[in-house]
Amino acid sequence: MTWSREFGGHFIFPEMRILLVEDHPESRTALRRLIERRGYEVVAVGSAEEAEIELTKQPFLFLILDWMLPGKSGVDLCRELRAGPNGEEFFILLVTARDDTQDLEQALEAGANDYVTKPIDPALLNVRLSVAERRIRALIERNQARAELQEMVGKMTDILEKTSDGFFAVDRDWRFTFVNRQAEKLLDRRREDLIGKDFWMEFPEFTRDAFEKNYRRAMSEQVAVEFEASDASGKVWFELLAYPSGGGVSVFLRDVTDRKRVEEERLTTSKLESLGTLAGGIAHDLNNILTVISGNIGLAQIEAPGSSRSLHAFLSRAGGAAQHAAQLSNQLLTFSKGGTPLKQVASISGLVTQASEFSLHGSNLRADLDIPDDLWRSAVDPAQIEQVVNALIINAREAMPHGGTVRVSASNLEIDADSGLPVGPGRYVKVQVADNGGGIDAKSMTKIFDPYFTTKPLATGLGLSISYSVVKKHGGLLQLESTSPDGSTFAFYLPATDAEPQLPEPTLANEIFSFNHQRVLVMDDEAAIRDLTSDLLGTLGYEVTAVPDGAEALKTYEDAMRSGENFQAVILDATIRGGMGGVATIERLRDIDPNVTAIICSGYSDEAALAEFLTYGFRAALPKPFTRHELANVLQRAFEADRT
């Protein structure tokens, strides 16, 4: 509002018009002139009905009404205006010939702000107009403040309606005063059904500790409180900010279930990686020991007299036990950090069917298989995926000790970026294993993939942990899809591929090949492995030189080339403690001899170079532990690949 000072220091309102209602023409003209001398614009009419018409054409802040008018009186018009919309936004001065106190009280009761009696004294009129100016100034300022407040409230309401967070407010009596659209969705209630209702009566489940404690603290201590809490089922998590507002509490709430799930996934992964660092080292050393045990058993079988059947039987049992120990070691290696499964394109349908039937053999359960013929293929480590199916079915068996049906199904699935699943978009093969046991309690649901967590007294607690790690290393996802008192369903997803399955490697004859005068260089940092490998190769007719690290291997190989006593093959251990390992050594060897025939050997069965040995420049791969027969076969394959 811009004020200007004119006419003897009076404040003038340029945009303020006065509506004058006076039925006597001469009185109307005289009164109009007196008012216009103060600089106001005056619209003068002769009746209440004409005044009502003018009020529809333009706004007036100041009305001067004659009490006695033809038709509707000025008092009646005053009363009607006050009762109408925005009735408080007028200043009304009533002009009357009556000076009876009772009549004047009637005028004020009708809503008049002030009055002036006839005959009008110009000096007294000026006083009344000055009073009116101050009152109108306050009225204008109040109306402006009200309009600004309404505009601000409108903007805030618009913001609260459009925000992605849920928002609601309650008064000091815990009754809802506002609920936005998102809060309707999160609370699963219509705002019309909540406004004015008691918060605790409508949501008794929120009287649980996390909600009630924090809400009441915000109300009583008048402090903002931020916290996370789940619903009664424990499946939906909210992030909430409660802060005092107008004696009550205002609450922002956000569904953070997906974020909590990702955090739990990250925590589980972190636990598995920590365990993997330990398990990988243990399994590597164990495989070295098992290599020595298996190899020496094989040597003992060669040296044992053919007539001693019992001795051969004992050695055979020991060899079988060593192989079983190697399988357990490989399960530990599933946790190994940075490892890669030995993948090949395979039919998931065949793997799942075979693993399901094998896992349920001899049990009191039956399998209900639903696997389509057109199930997509995937690049997987078949042994590891069979291990996953086996672990899930064992879990189902433990959930149904009295027997029942395990439902195993598979399907092709396209996953997009908005799926909510923590895997990248693309084509996946989905496998589900469902039981009809008693379900998993809410407390255990967040721990089922933790290493060593189990509710069974005789179980190890590693089955689901290993399975989780296996599927993750395949670029997929394993999760508990649903659980209830009627049973649980686990599902895992594997990336699909259009590649064709690899042809199986040709099986070599069972006889052990003998190669006279073939020279082999063996590199391993374990003296026992060097000695064993040398002895095994010696029984096969090879001449062997063994070295402890890559630097010695390079020197020995280069010296042999200079002397004309070339090595026909080299067997390089992938991991050399404190020295150059197999991958770094082969790169240097190929500089010396581009045609070197090299075999990678490792106690880490998920070593990347084992899975993709050709990429690294090797002709074949030899996982530890190995037997004499496996050693002979891998050398034969390396020579065949070299000739090809």
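Not measured: the values here are computed from a predicted model. Along every chain, residues carry numbers that run from 1 in the direction the sequence is written. Local features in this predicted model are restricted to residues whose pLDDT is 70 or higher, and side-chain atom pairs enter the listing and the counts only when it is 80 or higher, whereas totals over whole chains, interfaces and linings include all residues. Only hydrogens and water are set aside; all other atoms, that is, all heavy atoms of the structure, feed into the side-chain values.

S.K.: Before we go on, may I ask you to explain the sheet that holds strand S23 (residues 598-602) in this structure?
M.R.: One key point about sheets: their strands pair by backbone hydrogen bonds, in either a parallel or an antiparallel sense. Should DSSP find at least two bridges between two strands, the strands are taken to pair. Secondary structure counts use DSSP, requiring at least four H or I residues in a row for a helix and at least two E residues in a row for a strand, with both numbered from the N terminus. Strand order in the open sheet made by the 5 strands is S21-S20-S22-S23-S24, with parallel pairing throughout. Each end of this open sheet is capped by a strand with a single partner; those strands are strand S21 (542-547) and strand S24 (620-623). Taken pair by pair, the neighbouring strands of this sheet meet at an average axis angle of 20°, ignoring direction. As paired elements, S23 and S24 share 4 bridges and run parallel to each other. For cysteine 601, the partnering residue across the bridge sits in S24 and is leucine 622. Axes, fitted as lines to C-alpha atoms, cover a helix only where it is in contact. Angles between the N-to-C directions of the axes lie from 0 to 180 degrees.

S.K.: For this particular structure, what's the right way to read the packing of aromatic side chains?
M.R.: Think of it this way: a Phe, Tyr or Trp ring, Trp meaning its six-membered ring, pairs with another when their centres are within 6.5 Å, and the plane angle makes it stacked under 30 degrees, edge-to-face over 60, tilted otherwise. Inspection of the entire model under this criterion finds 11 aromatic pairs. With centroids separated by 4.8 Å and ring planes inclined at 80°, the aromatic side chains of phenylalanine 199 and tryptophan 200 adopt a geometry described as edge-to-face. The same class applies to phenylalanine 199 as to tryptophan 200, namely buried. Think of it as a cone above the ring: NZ of Lys or CZ of Arg counts as a charge over the ring if it is within 6 Å of the ring centre and within 35 degrees of the ring normal. A cation over an aromatic ring shows up here: arginine 189 above the ring of phenylalanine 203, its NZ or CZ 5.2 Å from the ring centre. Over the ring of phenylalanine 567 we find arginine 519, and its NZ or CZ is 4.4 Å from the ring centre. Whether a residue is buried, partly exposed or exposed follows from its accessible area with a 1.4 Å probe, protein chains only, as a fraction of its type maximum: under 20%, in between, or over 50%, in that order.

S.K.: What is the right way to look at the packing of helix H2 (residues 48-57) against helix H3 (residues 74-83) in this model?
M.R.: When two helices pack together, you describe them by how their axes are tilted relative to each other and by the distance separating the axes. Two numbers describe how H2 lies on H3: the axes approach to 10 Å, and their chain directions differ by 30°. Taken together, H2 and H3 sit at an angle that is classed as roughly parallel. Our pair here, H2 against H3, has a crossing hand that is right-handed. Here H2 contributes Ala48, Ala51, Glu52 and Leu55 to the contact with H3, which in turn contributes Leu77, Glu80 and Leu81. Side-chain classes are defined by residue name, with Ala, Val, Leu, Ile, Met, Phe, Trp, Tyr, Cys and Pro counting as nonpolar, Asp, Glu, Lys and Arg as charged, and the others, Gly among them, as polar. Its residues assigned to classes, the contact of H2 with H3 comprises 5 nonpolar, no polar and 2 charged. Here roughly perpendicular refers to angles of 65 to 115 degrees, roughly parallel to angles under 35, roughly antiparallel to angles over 145, and oblique to all remaining angles. Crossing handedness: left-handed means the near helix sits turned counterclockwise from the far one by under a right angle, and right-handed means the same turn made clockwise. Whether two residues are in contact is decided by their heavy atoms: any pair within 4.5 Å suffices.

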